[in-house]
Structure formats: structure tokens, C-alpha cells
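# Observations on the three-dimensional arrangement
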Amino acid sequence: MSLHDDAVAVLESYDEADAQQKELRGTYLDHLAGHPDGMWKACGAGHLTASALVVDPERGRVLLTLHRKLRMWLQMGGHCEPQDTTLAAAALREATEESGIAGLALLPGGPVRLDRHPIPAPCHWHLDVQYAATASAGAVERISHESLDLRWFPYDEVAAVADASVVRLLESTRARLGHGR
């Protein structure tokens, strides 16, 4: 199965009650149907990306990266690579590379959210498939070349440093973990 095929299967099984998420799911599937290269950065109409919010549920905190180019606190994530066999593998690879934490585990149940956001030309859109990953107790982060900083934030401090998309991802992650708001 190709990464493109995996993405279609993941999106077809993504079941979110929220109307906006259902609409995005349709947008992503339409994009992939119309763009055989829709998984790759070279696709000028936009491309899927994979990310993961790294959480430490025991301590009620989340690890965010201060993105080098965007200068914003974000979850770990980025472009799919030819060696990625699944979207989940791409999200886990990105989270591991950018956090420096070995042994991250994706939450069961597939993606937590979808988020579509504009990016500068020549490409126009990132169609982000967002997962969540748990870090083991005592995990130590290590900054990567893609980050200016890495920092653990208590759940209730995320809204003060991150944009609405990260806050929504955290809310959905907490719901998946059964931690409520």
C-alpha cells in the first residue's frame, strides 16, 4: 500500500462528529483524488502533512516547539518523506525527530484532528493530519535544528502561547485521553 493509499484509508475511517472536521475530511479526500502527488511538498495545490502533539498525561503538560521559521509555539510535525509508509509513521517520525524523545507512542484511534492552513507560495496549503503521542515518564527532550526552543507547558498555559489550532488539538487530545477540559 502506498502512502497515498494509506492516507485515503485513514481519512475514510476518520469519524468526527464536528461538522467542520467532516468538511475538512471531504476536502482532504477530494484533494487526494485530484492530486496523485498530494502527499508531497512538490504538489503546488497543497499537500498533506503529519503532526503529533506530544503530551505527558501524568503531569498534565504538553511539549511544544518554537518553530524556527514561523517563530510560533506549535506541535511537532511536517512533510511526509518517501520512507514513510503510513501517515501515523510520518507523524511519529516527525515527533521523535523534533522532540528528541525516543519511545513516543501515538494515542490509539488514529488522527485526533485535521487542520488546513495556508502557506507561502509556491505551494498554497498544508492539509495537516494531527495525531497525539505520549511521552514516557522521565522522557528528556532534545532540541532539533528545526526549533529555536522546546518547552513543556501545563495544559492551562497553552492558550497563552499557542494559536487556536494548537489549542483545539490539545482539547481534542485531552478528550481522547479522557482528561476533559
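Scroll up to find the structure.
A quick note: this is a predicted structure, and the numbers were derived from the prediction, not measured. (Residues numbered from 1 in each chain as written. Predicted model: local features only at pLDDT ≥ 70, side-chain atom pairs only at ≥ 80, totals over all residues. Heavy atoms only, no water.)

### Observations concerning the state of the cysteines
For the structure shown, the criterion picks out 0 disulfides. With no disulfide of its own, Cys80 lies 12 Å from the sulfur of Cys43, the closest cysteine sulfur. (Disulfide = S-S within 2.5 Å.)

### So, the packing of aromatic side chains
Evaluated as defined, the whole model comprises 1 aromatic pair. Ring geometry for Trp73 versus Phe153: centroids 5.0 Å apart, planes at 80°, classification edge-to-face. Of this pair, Trp73 sits in strand E3 (residues 73-74) while Phe153 sits in strand E8 (residues 147-154), and the two are 80 residues apart along the sequence. By the burial criterion, Trp73 is buried, and Phe153 matches it. A cation sits over an aromatic face here: Arg61 above Trp152, 4.2 Å from the ring centre. Lying over the aromatic face of Trp125, Arg116 brings its terminal NZ or CZ to 3.6 Å of the ring centre. (Phe/Tyr/Trp six-rings, centres within 6.5 Å; stacked < 30°, edge-to-face > 60°. Helix = DSSP H or I, 4+ residues; strand = E, 2+ residues; numbered from the N terminus. Buried < 20%, exposed > 50% of the residue type's maximum accessible area, 1.4 Å probe, protein only. Lys NZ or Arg CZ within 6 Å of the ring centre and 35° of its normal.)

### A look at helix H2 (residues 19-34)
The periodicity of an α-helix, 3.6 residues per turn, causes residues three or four positions apart to be oriented the same way. For H2, with 16 residues, the first-to-last C-alpha span of 23 Å sits near the 22 Å given by 1.5 Å per residue. You can read the cap of H2 off the contacts: a side-chain oxygen lies 3.0 Å from the backbone nitrogen of Gln20, and it is on Asp18. (Expected span 1.5 Å × (residues − 1). Polar contact = N/O pair within 3.5 Å; in protein donor to acceptor, adjacent residues only side chain to side chain.)

### Quick word on the pairing of strand E2 (residues 61-67)
One face of the sheet, then the other: side chains in a regular strand alternate in exactly this way. Most of E2 is tucked away, with 6 of its 7 residues classed as buried. When strand E1 (residues 47-56) meets E2, the two strands line up antiparallel, connected through 3 bridges. In the strand pairing of E2, Val55 is matched with Val62. Pairing of E2 with E8, which is carried by 7 bridges, proceeds in the antiparallel orientation. (Pairing = 2+ DSSP bridges.)

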